[in-house]
Each structure stands twice: as C-alpha cells, then as structure tokens.
Amino acid sequence: MSQARLVLDDGTVFQGRSWGATGKTFGEAVFSTGMTGYQETITDPSYHRQVVVMTSPQIGNTGFNSEDYESDRIWVSGLVARNPSPVSSNWRSTETLDDALVREGIVAIKEVDTRALTLLLRERGAMRVGIFSGAANEASEDELLEFVRASPEMIGANLCDEVSTRNRYSVAADSGLRISILDLGIKRNTPRLFAEKGIASEIFPAWSTIDEVLSVNPDGVFLSNGPGDPSTAHHAVRLAQEVIRREIPLLGICFGHQVIGQALGLDTYKLRYGHHGINQPVQDLRTRKVEITAHNHGFAVSAPVGDAFETAFGFARATHVCLNDGVVEGLELVQHPVLSVQYHPEAAAGPHDAAHLFTNFKQLLLRARGQN
Amino acid sequence: MPKREDIGSVLVIGSGPIVIGQACEFDYSGTQACRVLAQEGIRVILINSNPATIMTDPEFADATYIEPITPEFVTMVIERERPDALLATLGGQTALNVAMSLAESGVLDRFNVKLIGANIEAIKKGEDRERFKEIVESVGGESAVSIVCHSVSDLAEAAGRIGYPVVIRPSFTMGGLGSGIAYDWSDLSLIGGAGLQHSPTSEVLLEESLIGWKEYELELMRDAEDNVVVVCSIENVDPMGVHTGDSITVAPAMTLTDVEYQRLRDLSIAIIRAVGVDAGGCNIQFAVNPLTGRVIVIEMNPRVSRSSALASKATGFPIAKIAAKLALGYSLYEIVNDITGITPASFEPSLDYVVVKVPRFAFEKFPGADTTLTTTMKSVGEAMSIGRSFPEALQKALRSLERKGASFDWGDLSMSESEVRELISHTAIPTEDRLNQVQLAIHAGASIDSLHQASGIDPWFLQQIAALSLEAKTLSMASKLDKATLTSAKRMGFSDFQIGQIRNITETLVRQQRQELGIRPVFKTVDTCAGEFAASTPYHYGTYETHSEVASRTKPAVLILGSGPNRIGQGVEFDHSCVHAAFALKEAGYETVMVNCNPETVSTDYDTADRLYFEPLTLEDVLEVFHAESLAGPIAGVIVQLGGQTPLGLAKALEAAGVPIVGTSPSAIDLAENREEFSKVLHKAGLLAPAHGLAMNADEALEVAHRIGYPVLVRPSYVLGGRGMEIVYEDDSLVTFIGKATEISPNHPVLVDRFLDDAIEIDVDALFDGTELYLGGVMEHIEEAGIHSGDSACALPPMTLGKGEIARVISATEKIARGVGVRGLINIQFAVAGDLLYVLEANPRASRTVPFVSKATGVPLAKAAARIALGTTIPELRSEGLLPREGDGSTLTSEHIAVKEAVLPWNRFRRPDGENVDATLGPEMKSTGEVMGLDRSFGVAYAKSQAAAYGSLPLTGSLFVSVANRDKRAMILPISKFVDFGFKIYATEGTREVLARNGIESHLVRKESQGADSEISTIGQLISSGVIDLVINTPVGSGPRKDGWRIRGASVAKGIPCITTIAALNAAVQGVEALRRGEFGVRSLQEWLEVAN
C-alpha cells in the first residue's frame, strides 16, 4: 500500500497510507466525533468541499449499504481515518467503504494519527487541507503546501447551488399538508421524516424564486441544511424574509437556520473548529430539557441569549443553546410562525432526541391553516 | 434541578465481600458516592462488611459501620443514625436486595428514610421479568419468548412449549447465579431445579435460546428532569450464551450501523423512562440477530453495575459519581464533566480509541469444575486495555491477564487439516480458551466462515484476528527487523516478547533494536470527547502513533505499580494498599503515577493518583511508562511492594533496566523468597523454621520428605495465594505433586516443609524503616494450621496468645525485617506448636491482611509503608501523626475485637455432571473475599463475621454437630444452650452417644464416609435438602478431616453458617444468645477507633 500525505495550510504534514481513490484532493479540514454513521456523514451534502477527519479509529466496519445514503453520492472531498476496516460485516452491507470511496473517486488517507490532527484543528481552528497519494504524493512538501494554500477558503464560499437538486421533485405523504423545501443541500432523511408526519414535500432548487416556491400553495416553507458560508446566501435570505412577511410558517435547519437568522437581521460567524458530532447537548431554554443532538456546522448565528430581542419582524428569541460552548442553536419569532434550529433533528447519523421538532412544526402548519 | 434541600444525611449500603459477580467495582462506585456526598456537605453513613475496601476507610464517611449487610443490621444502623435518605444503587445486588426488603417490611417508612437513586417501583419493574417484559412490549420492543416457572413440573411444561435449547434464569440473583442453558430434559431438571433453590422467590424463567446472536449492552443515566444520556455501548465478542461478565467485550460497539445503534438507543431510553429510573443509571442488554437484525431486549439492571464501572473507565464518564449527584436532585446539565472541566455531564462520550475487556478465570483452583462458559458468571476478575485499533487493544488486554497462554501464540504451526477441523469444532463450546483456539485455527489456515459457523463470533472480529495472523507471518518472513516492519507490528499490539518469539530472538533484544530505531509508544488521553475539548485529567494509554500527550512536570514523580486483574489470592486488598500509597504520597508533595489495568478498582479511578496509565503490567509496558514519565520530569522512584506478586515479579528486571525501585530492594525481596538464603537469615537471628528442604525432582523430594518426616507441605517458590500448595501425607502423592509443580514455575525448585499439625497460626504485618519496627498487628487464626491464611478466619487482637508470646513474635519480626533488609511492609506467618515459635514464611511486601489490620487498629499501614519507601522514618511518621505517637498494634488499648472471615465461591462451580465441586479447604487459597466482624467480645464479633459471610446466625431451627474426640467434653455446655434456645439437634454416632450420656437428645445422622442407608440420611444430604440451619464440625486427622470438608462445602454451597472450632462454637452461643435477646448492637468504626486511640 502506498504512502500518502496530508498537508494543512499551516504547513503541518501528517504521514499516512493511501486509501480510497488515488490522487489529490482539497477542502476544509473538520473533525467529526460520531462513533457511528460514517455513511450518512460522508453522503451529507453539508460536507461538500470538506475533508472529514473521523476521530473514531475503526471506520468502515459495517461497510456501505443501499439504504443509508443521505443523498445520491458521497460529498466529502476527502476522508481521513486511523484504521479503516478492509472488510465489512453487516447483514445490510452491499460493499466495503473502501470500494465505495474508490467507486466515487474520493481520495482518502488512513493510518494517520487522527487524534493529533484533531487536537491541532481544535487548537488552531479549521484549516484548508490537501491529501496526496500516488503520483500526486511525489512532489516536495513545499509544492504540496503551495497547492493547499492555493485552494479556496471556506469563508465566502457559496456552495449551496453546487449541491442543490437541479430539478424540482416531490415526496408524497398521506395527510393533506404540504410544504415547499428550498434545497440548500438537503439530506434524504428530512423529507422522509416530514412524510412520516403526514407532510408532503415539494423540493425546489436553491435558486428558485419566491413565486416558484409558493406556486404549490404550501402550508409552510422549509429551508434545509447545506454547505458553505451562510453569509453568501443572499437569495435564500431574501426569500426567507418574504415568507415571514407573508405569515407563512417557516422552518430552518442548520444552514436554513443561519439563513433565517440573517433574515431577522442577525449576523453569522465562523466557529473556530465547528460542531461535528452526534453527542452534543442542546438545551431548550424554555423547558430546560436537554437533548443529545447531531451537529454539523462550522458557522453559527450571533444572537442574544436570554430576553427576547427586537427584529424587523417583531420580537425574536434564542430558544436553544449548546451546553458545551453556549452557541445559539435555535431561534423563534414571537409573533410569526417561524422556527429554526442549528442542530439536526432529522439525525441520520445521530440520536433521535429532537425528532419532535417535526411534530412541533406540523402543529404550526395546522394552526396556520386554521387561521387562514 | 438544584440539590434537594430535604437531605442532610445519607446511608450508603456497600456490596459486602468480594464474590464472583460482585467485586471491587462496587468499592469504586461506593467510594465515588461517598466522596460526592461528603463534598456536598452531607453526613455520610456507610455500612459495608468488607474491610478491604477504600470506601470503609474512616475518612470516607462520617460514620462507617463495618457490619453485616442484612436487613437486621441495616435496620439497627438506621435506628441509631436516623438518616434522611438511603442510597442503595451503588452496592450491587446485595444493597438493592436489602433496600427492597427494608422498604417492604416498612422499616424505611417507620424511620422516615427516603430511598434515593431508584424508587421501589422502578426496581421492581426492572427486576421482575414479567413486568419488565410488559414494559418492553409497551415501548415497541421485543423480548425473548419466555415462561415463568415456580416448580419442576412448570419447567417441563414450559420447555415443551418453547422447544430446546432453553435458557434458565432464576429471578433476583446476582451475576446470573443459577442460570444456564438446557439442551434436553436432564439438563433442565438439574439446572432448573437448582435455579428454583437459588432464587429468593423460587422463581425461574425459561426462555427461547438466543445462542449465537450478537450481544450488546448500553449504559444509561437519567435525571429527575427526564434528561437521558447513553454513556457507552459495549459489544460482546462472545455471542449470546456466555454471561457478559465472562465475555470478551469491546467498547464502543464495533459492528452496528448508526441506524441499528440508534434503534438500541431509542429502545433503551424508552425503557428507562417506562421503568421509571428517575435519578440514576441502569444498563440494558440486547441481542441482535446477525442475519436479520431482529432486536431482543434481554434485561436491565436498575442500578450501577459491573458494566457501569467498565463503561466509566472506558469513557472517562464517572457513572457512580454522577449517579450520586443525580440522587441528590441535580440534573445532568448542572453537573460538570470533570475531564474537560467546562462542559456538562449531559452529553454522550465519544471515544477515539478502542477498549477491550477480557475476563480472568480461576478454574485451576477448582479441580473438576465445568469450564464451559454459560450464563452463570464464573470469572473472578478482568483486565481492560485501550488501544487505537481493535487488534492493538485486544493483544494488550490479553497480555494484561498475566496468565500463561493468555496471549496469542504466533509460533510456526504445522497442523494437519483434520487437526484444524478439530480445533474449529472446539470453538463451538465457549471456554476460557476459545479465543486462543480461534486464533490458532486462523493462524493454521482455517477460514473465517468456518469459524463463524462454529463459534458464532462475528466475522468482523475474526477478520481482525486474521489481520494479526497476516502481520505475524509478515514479521516472521521479513528479512530483517527494520523500522517499517517493527512499527507495523507494534501498531497491531504485538509485544516485544511475541515479536521475539516470532523472530526467534529474546524479548530484550527486540526491545533494544526497537528503541534504537526510535520506535516507542506515545501516550494519548482518555478525554470523553474524542479531542473536541481539552482534558484536564491525565488519564493515559499507550499506543504507537506520532504525537504524545504526556505533560511535563516539575514535582518528582512516584510510579505505583498496581496489581492487575483480580484473581484468587490477589484481589482488592492490594488495590487498597496502592490507593493508599497514592493518597499518602500526593499529600507528601509527590506527583503520583498509577499504572494498572484492572477496570474494577479505585486505583484506576482518575481521581485517585495525579496521573493514571491504563496499561498492562508487563515489563515492556511498565518500562515504557517509566520512560515517558522520565522525559516529563524527575522521578523519585517506583513502588513495587504494594500491588502483590504482579509488580514484585517485575522488580528485578526493572532494576536491571535502570529503574529506581524504592522501598525494600529487589535483592532483599529475593532474600526472603529464596528458601536457602532466608534460612540463613533465620539461623543468624536464632529463629526456628519447620524442617525443610529443596527439591528439583521427585527423587530429591522423597529424600527430603523421608529426612524431615510426613506430613509435608510442598509448594513451588515465588507464588501468591498458595498457588499449587499441598499438604502431602505419603510418597505417591508427593511424586504426583512434583509432576504438576514443575510446570507451574519451571525455573524454581519445589519447597518441601515439615507440616506442623495442631499448631496455632499467627499472621503479623509490620513496618520497618531500617532501624525501627512498627508492629501493625498480630492476628491469630481461628482455623487449625494447614488452611491457607487467606481462607481462614482470624482475630485481632489474638485471643489466646499471652504477653510473653506476643513479645517473642515482635522480637522475631524485627530480627527478620532487619535481616532481610525491609524498607516498608513485611508480613510474616508464624506457628506456635508445643510452646515453640516457628517462622513459616516472610513476605517483604504489602499482604492481604494490611487493610484488615489498618481498619482494626485505625493505623494506615500502606500509607506509612509508601512514605518509608521514600525515606521517611518511623519516628518522623509518629511525630507527623500518620503512625501513633506511642505504642504499636500490640499495645493499642481498644475495646473491640476484629474478626476476619473468608468468603468462598463454591456455589459458582459445578462439575459437568451438575454436582457441586469438592469444597475442600487446604493450603491453596480459594476464597474470593473477606468480611470483618467488629465488637466488644470475640463471640459477638465472630457471630457478626459469620452473619456477614453467610447471612445471620439462626435464632432457632436445626443444628448438626459432629466433633473430634478431644472436643467432645467441651461441646456439652454450648450444645445444651442451643437446646435451651429450642434447636433440634442432629449428630453423628459418636457425638450422639456423648450427648445422650449428658442428657441431650439428638437425631442420628450418617457420615459421608459411611454413606446413606435406607433409613438414615447422610449429613450432606440433610444439609443440601435444607433441613439444617447451623453446622458444628471440628475436624482432626486425615479421615474425619475429609468428612469435615464435605460438610463445610455443603454448608457453604447452601449458604448456612458452619462452625469448625470450639472457640467459634462458644462464640456462636454468645452470638445467638445476644441475637435472641436483641442485644446485638452496631457501632461505627470511628467510634471504636476514638476509644482506641
């Protein structure tokens, strides 16, 4: 097995061995602390242009299966692991992780001291990174570093359009409720959970206009998760403002939450190394209840915690915070049917503690329909 | 929710003696609980009969009751202390059962004591199998098809409905006692019948067999605000069918996708809510069908368990500590995660390493016992290891076991196809050796599939072993041991020893080459969060990576080597001493560094020492820890004398490698262990030893035996717990013994000693600083000589020794300590026979009795020993107050007598035919734990020790008596007292005649050696059928002795008290009398010691 190198934009080099496809790849290095769910993670469009460092050393044990994709492809630009399993053992497994990476051309590196890398990212913050294997690994360290430094930064990256569906599609459900979804990088489990609650989804490309989105006469609008710097999402922010103005129930998750935050006039900022894991304690400030939630965000919304605050749409308040570091994880408008959460109630991967959010949103939809 | 304001005092119930299924993990959890409660300003009242625990150290509670953990005694403590609340979820099944009984009998209500940690209703729901099954169904889960049985006929009917094989699970027993698997009616009638007896409610559950399914455990915590976290998932490498305590387990779960894991998590959370554990923890076990993914919920423990201790050590999340805080009313989010110091406990730990736990068994101590692993736990200890990959962690865990043959053998194998096939077929039966068989088969070329079919072990684990096999072959074929080859092998967990074996060179040479190539392990940190937040606790494990996390320091460090996995002969007592050393040296300004691999212990709590290395206690691993710490700062020394034989066995090699051993030097240790050298010490001091000789073979042994005369005590040198020791009466047995013994310790000769019949045995623990002796205590054995000191009861102060004899003992102790060159602790066994004092053996190290003596006298001997090892003198320790200013263990005035009694695991072991193993005591130690009885008189103290070991003495009922001739006169008075108490008397022929002549009526019983006839049962039969409540049997000689052992074995198996000396008989009379008059009192250790000092 051939050698491979991982080079960070601060010049740090990690040795490892080639894994997945051979070649070179670039992205923002982030670490993910989930011990299960690598298939869901690497097929999550929010990881577009990111190189994910798996802190869990044994990766790939259960292989890849046909059911646990969160989109139709692997989105991470690269993968880093300590000890990937060459075989898979699970009754649902259809191929090994290694085969899936090769098939999709994902350059990866293994046998890396991932803990040392993680501590470095924790101390110095998320960085650009390159993985080089095969012929690409023959260049000198300086050359590799130059490649990495020439690769694009995550700050200022507008990536939603790259991952969004090209064409509108629907996911059916039993009851009569229907929402429009702006696909900024949605995971499959989200419309699946809406459908489970009896809410049909109409999924639109990220660039759809307000008229297109409302053309199906939805009971509500949903802004999905997605990759990139939320401060570039001008179109989505304007669309959200219009939805709020029209008193249509609105829900945002992750990137969608950051869009809603900006629609309310709040700023977003880049976290030093982000939240990427499935063990994060989020407290609902209204009930004090703590839920263990899945997170995947490198940016966050800057909002006051405590009392409600004034926005262009009346009072808003922070509803959730992450107990680890106090980052705002949820918002609501007091006089409008608008909710948003930074974490992932749809999980996949991760705990289902927050799945009730879909029920809460359904109630908003029903209430709004009753009023209209 | 903040702390409850209605709780100012809490009674904590411990778990009592170490037994199989309930070991020192409950000292770990109880100690944490006591600490938490004290920090919260709560008055802590503790009851625990086990003196070898840290939790019963007087500083861990405001009032420590070393009393039997029975409803009667706990009630007395409650009556005296009037606690606001009772915390019973940290003391295992013992504590929970007592709490349930107190709740049901109304004691808790009567004294207005709130049960905290778990409510009665939740405990019942969790433990009552029928109700639990309903709960599982109500939350959408599935249980195995099962039927509750209350009689043998129920069993037959149920098995007909379920179909064989069926699993038998008795209700309300711990460690799966009485459980088993039946493949047909003969199995079922045997195991099921015994199960009905073991269950306090005579209830047994028969259920569909899930043998071969994947097995998982989840550890959960829930607070009063209904916040729930899953602390850890654990996967069993051994599939269903083997008790989880006996399984090799791995954390986190390795072979589940997120979808499947979340299904287990969702079910667990729904179950903990439905059961109603509202301020504490629980663990829930699952079986998963490997072909379909069908999930079956097996059971839950609504309390802190053995698995919780493992999960705590595996994740860094201190379950017991958090459980104690939850019980006080805190919510999870209000509790800070100690390790990060900034994030809350309301999160789920993420691991960036792999943890493997392997059980340690003691079948060699119980000849004839069925070694098949079943749903009844049989292991006596465990080792845990941490690595950055499963193969690394697995190999580290196996070498942590310190058992010959435990590590994988990677030698060249030439096996025929039929031999491989046979090996594969062996793996169908789970035993201690199964994983090694699997490995050998793989190494010999067996396919993963064939082994998966046979053993049911998940192919993923088999594949990992195959990867190791491939690595071993690469290593074997490599032209030279270059950096790449060696690094790769080390990353897979191969030890220097294993590599040497594969390359046919010495371990030392491998190490030398490795270090020359700069290949050293780094030390990573267990931080609960996979590196997401900085860790403030240095809890480390070694692995072969690029970056190390050992922080530099300025304080001089002392490395304390622990005792490794618990085994018979080396248990919690040694951990107690290591923990004390950590406390004492931390206080004295050193940076304490603990090295150990036993997850059950207090020593491996990251709160104990300043730094913790969770590493195997092999020469290689210890040298690497030493190396890493010597790069971090100055090292004052390494302590090897407190952890038992494990660190002692490393002393010489460590010293040779340049490691500074502090305290008694390795050469002094050698002096005491080497018979010839030690004889010179004794001779110089003018002390007597039983006549003895050394033998390298059978002829030499016979020559020695004929010279000194039978009976002789024979044993291999360098052993602990009397391993391989026997009393031999004639030539044939001696020759047989030599055949076995040379295998035990091939490089050391066999010792042959004259065995002193009819002697009083004495144990002494003392401290020596090079000039002055401090006598810790003198203990007199209650059992006759010839029974291992670890298995015999003893009293402190001694009951029958006079001042003159004690003075001789002290003088002899000092001479030996000086002659050997002790700096720290020494334990000496003496025998008094015919007015002569003989020295049986001397051990220049902490002994098993150190915690008992420390507790009985209130003097922390191990702390003092650690200080002496680092150069402090006894006069300095006296003026500091660590030792008494004046006097010693022989002169301390005290009102109390302390009695230690051993606890034996007979009821855990059966022969393949279902019969109990022969419950014989002898010079080889077999007990797993001990209890202490404490009171003013020997009688009451003794009675308490019996109550603590076997349950309370009977107030009335049936008594069996059979005594040796010399005791016949002395028995009359006590037996007539028992008649007055209303006891019905059963006796063997000779004893019956003497009783009749003295006007005492009794029923005739036949001896075991006579066998039963049609009319009269043997005593064994009577005991086994439950007729007898108390056994009195004083043995002598080799014939009746055998009968006595049978009787004792049957009594222990049945859990009834068995009295073996007249002293104890008189004591029992006093005890029963006091019990009947309600005069049994309880008093805290602190009160006893206040009077004493």
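Residues numbered from 1 in each chain as written. Chains lettered and ligands numbered in written order. Predicted model: local features only at pLDDT ≥ 70, side-chain atom pairs only at ≥ 80, totals over all residues.

Student: Please provide a residue-by-residue account of the nonpolar core, values included.
Tutor: Within soluble globular proteins, side chains that are nonpolar generally end up buried alongside one another. In terms of nonpolar packing, the biggest core is built from 457 residues, with Val80 and Ala240 of chain A together with Leu87, Leu559, Ile560, Ile639 and Ala865 of chain B touching the most fellow members. Residues within four places of Leu87 of chain B in sequence aside, it is in contact with Val10, Val12, Ala33, Ile116, Gly117, Ala324 and Ala327 of chain B. Among the nonpolar cores identified, the runner-up in size contains 16 residues, and Leu155, Val167, Ala194 and Leu206 of chain B belong to it. (Core = buried A, V, L, I, M, F, W, Y, C linked by C-beta atoms within 7 Å. Buried ≥ 20, exposed ≤ 12 C-beta atoms within 10 Å, placed from the backbone. Contact = placed C-beta atoms within 7 Å.)

Student: Kindly report on the interface of chain B and chain A, identifying the contributing residues and their values.
Tutor: The interface is formed by 45 residues belonging to chain B together with 40 residues belonging to chain A. Ranked by residues supplied to the side of chain B that touches chain A, first place goes to helix α9 (residues 258–275) of chain B with 6 residues. When grouped by side-chain class, the residues that make up the side of chain B that touches chain A number 20 nonpolar, 14 polar and 11 charged. (Helix = DSSP H or I, 4+ residues; strand = E, 2+ residues; numbered from the N terminus. Nonpolar A, V, L, I, M, F, W, Y, C, P; charged D, E, K, R; others polar.)

Student: Help me get a handle on the confidence of the model for chain B, residues and values and all.
Tutor: Mean pLDDT over chain B stands at 91; residues scoring 70 or higher make up 96%. The ipTM assigned to the predicted complex is 0.97, against a pTM of 0.94. (pLDDT = per-residue confidence, 0-100.)

Student: Please provide a residue-by-residue account of the packing of helix α15 (residues 448–455) of chain B against helix α16 (residues 459–477) of chain B, values included.
Tutor: All names here are of chain B. Running from N to C, α15 and α16 cross one another at 135 degrees; their axes reach a closest spacing of 10 Å. The orientation of α15 with respect to α16, classified from their angle, is oblique. Remark: the crossing between α15 and α16 carries right-handed chirality. Contact residues: Ile448, Leu451 and His452 in α15; Pro459, Leu462, Gln463 and Ala466 in α16. Looking at side-chain class alone, the contact of α15 with α16 contains 5 nonpolar, 2 polar and no charged residues. (Axes fitted to C-alpha atoms, helices over the stretch in contact; angles between N-to-C directions. Parallel < 35°, antiparallel > 145°, perpendicular 65-115°, else oblique. Left-handed = near helix turned anticlockwise from the far one by under 90°.)

Student: Report on the pairing of strand β10 (residues 107–110) of chain A, specifying residues and quantitative values.
Tutor: All names here are of chain A. Along β10, one buried face is formed by Val107 and Ile109 and the opposite face, lined by Ala108 and Lys110, is buried too. Where strand β2 (residues 13–20) and β10 come together, 4 bridges link them in antiparallel fashion. Its bridge partner lying in β10, Gly20 is registered against Val107. Bridge analysis of strand β7 (residues 78–80) against β10 gives 3 bridges, and the strand direction is parallel. (Pairing = 2+ DSSP bridges.)

Student: An account of the sheet that holds strand β22 (residues 635–639) of chain B is needed here, citing residue identities and associated values.
Tutor: Residues and elements named next belong to chain B. Judged by pairing direction, the sheet is mixed, and its 7 strands sit side by side in the order β17-β18-β21-β20-β19-β22-β23 without closing on themselves. Strands at the two margins of the open sheet, each flanked by one partner only, are β17 (522–525) and β23 (661–662). Pairing geometry for strand β19 (residues 557–561) and strand β20 (residues 591–596), over 5 bridges, is parallel. Opposite Leu561, over in β20, you have Val595 as the bridge partner.

Student: With reference to specific residues and values, describe the sheet that holds strand β36 (residues 984–987) of chain B.
Tutor: Within a sheet, each strand pairs with its neighbour through backbone hydrogen bonds, oriented either parallel or antiparallel. Residue and element names in this part refer to chain B. The parallel open sheet is built from 5 strands, whose spatial order is β37-β36-β35-β38-β39. Two strands bound the open sheet, and with one partner strand each, they are β37 (1003–1004) and β39 (1058–1059). Relative to β39, strand β38 (residues 1030–1034) is paired through 2 bridges, and the arrangement is parallel. In the strand pairing of β39, Val1031 is matched with Cys1058. Contacts between helix α32 (residues 968–980) and the sheet are confined to β35 (958–963) and β36, with β35 contributing the most and set at about 175 degrees to the helix. Strands in contact with helix α33 (residues 989–997) are β35, β36 and β37; relative to β36, the strand with the most contacts, it is inclined by about 130 degrees.

Student: With reference to specific residues and values, describe the packing of helix α6 (residues 129–138) of chain B against α9 of chain B.
Tutor: Packed helix pairs are characterised by how far apart their axes lie and by the angle those axes make with each other. All names here are of chain B. Axis separation between α6 and α9 bottoms out at 9 Å; the angle between their running directions is 130 degrees. Judged by the angle between their axes, α6 and α9 are oblique. The two elements α6 and α9 meet at a crossing, and its hand is right-handed. In this structure, α6 uses Ile135, Val136 and Ser138 to contact α9, whose residues at the interface are Ile271, Ala274 and Val275. In terms of residue class, the contact of α6 with α9 is built from 5 nonpolar, 1 polar and no charged.

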